[in-house]
Amino acid sequence: MSRLLLVRHGETELKSSERLWGHTDVKLDALGLKQAERLRDRLAAEKIDTIYSSNLQRALVTAETIASRHRLAVITCAELREFNYGKIEGLNYEEIRQLYPEFYKSMTQKIPNLKFPDGESVYQLNNRVSQFLGKLKEHTPEQTILIVAHFGLLRIFLCRLLDIGMKRRWQFHLDLASLSILETNQRGAILSLLNDVSHLAQVRD
């Protein structure tokens, strides 16, 4: 595989920092656009060979903003979408606790194959990650690949590349517009940067 730059999209109009937005196609807000611009500036001098993005616009606009400095087309991949959260789509954690107490209990117990009510399970999303990993095998070790996606998906992606159990995904925190870097080869992957947001200093609405 290659050097992988992992980016979580910026803040959205419906506040992805506070609520669970999965397949709902929410837009970046003014802050999210500023965050994407900071990522663009941060990565302007980076050698990037290919850019993949979720086809949801909050990720795609983040990716296109970064791509504007590299003269690269963004390749959209439905496999990189966030979880389908089903009935809890758009809720915050307190609302989930009140409306779906049994499911909330499962969340807090960190069940490996958690399934969202009327939505996806962790293993179903893992299968989508597997499909995307097939694409990455086409790249050479000398290439640098930018991947712009979502909180839940990127945590599973990290577990897969680092060869650790899905339950460990809870131990990764990824802020909006954060950058993480994986150095990969045939023997595995090394996490060289996690959840870096130094480029977001003093960014406000």
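Before reading further, recall that the structure is shown in the block above.
Described in the following lines is the structure provided in the data block. (Residues numbered from 1 in each chain as written. Predicted model: local features only at pLDDT ≥ 70, side-chain atom pairs only at ≥ 80, totals over all residues. Heavy atoms only, no water.)

Concerning the packing of helix α1 (residues 30–42) against helix α2 (residues 57–67)
Any two packed helices are characterised by how steeply their axes cross, that is the angle between the axes, and by the distance between the axes.
Item 1. Two numbers describe how α1 lies on α2: the axes approach to 8 Å, and their chain directions differ by 35 degrees. Considering how the two elements wind past one another, α1 and α2 form a crossing that is right-handed. Contacts between α1 and α2 pair Leu33, Ala36, Glu37, Leu39 and Arg40 from the former with Val61, Thr62, Thr65 and Ile66 from the latter.
Item 2. Per-class residue counts for the contact of α1 with α2 are five nonpolar, two polar and two charged. (Axes fitted to C-alpha atoms, helices over the stretch in contact; angles between N-to-C directions. Helix = DSSP H or I, 4+ residues; strand = E, 2+ residues; numbered from the N terminus. Left-handed = near helix turned anticlockwise from the far one by under 90°. Contact = heavy atoms within 4.5 Å. Nonpolar A, V, L, I, M, F, W, Y, C, P; charged D, E, K, R; others polar.)

Focus on the pattern of salt bridges
Item 1. If you walk through the whole model with that rule in mind, you get 12 salt bridges.
Item 2. In this structure, Glu79 and Lys135 form a salt bridge, with 2.4 Å as the shortest nitrogen-oxygen distance. Note that Glu79 is positioned in the loop between β3 (74–77) and α3 (93–99) and Lys135 in helix α5 (residues 122–136), a separation of 56 residues in sequence.
Item 3. Look at Lys135 and you get partly exposed, because its relative accessible area is 26%.
Item 4. For Asp118, the salt bridge identified is with Lys87, shortest N-O distance 3.6 Å. A residue pair is termed long-range when its members are at least 10 positions apart, and Asp118 in the loop between α4 (101–108) and α5 and Lys87 in the loop between β3 and α3 qualify at 31 residues.
Item 5. In this structure Lys87 comes out as partly exposed when scored by relative accessible area, which is 46%.
Item 6. Where salt bridges share partners, they join Arg3, Glu46 and Glu183 into one cluster. (Salt bridge = Lys/Arg side-chain N within 4 Å of Asp/Glu carboxyl O. Buried < 20%, exposed > 50% of the residue type's maximum accessible area, 1.4 Å probe, protein only.)

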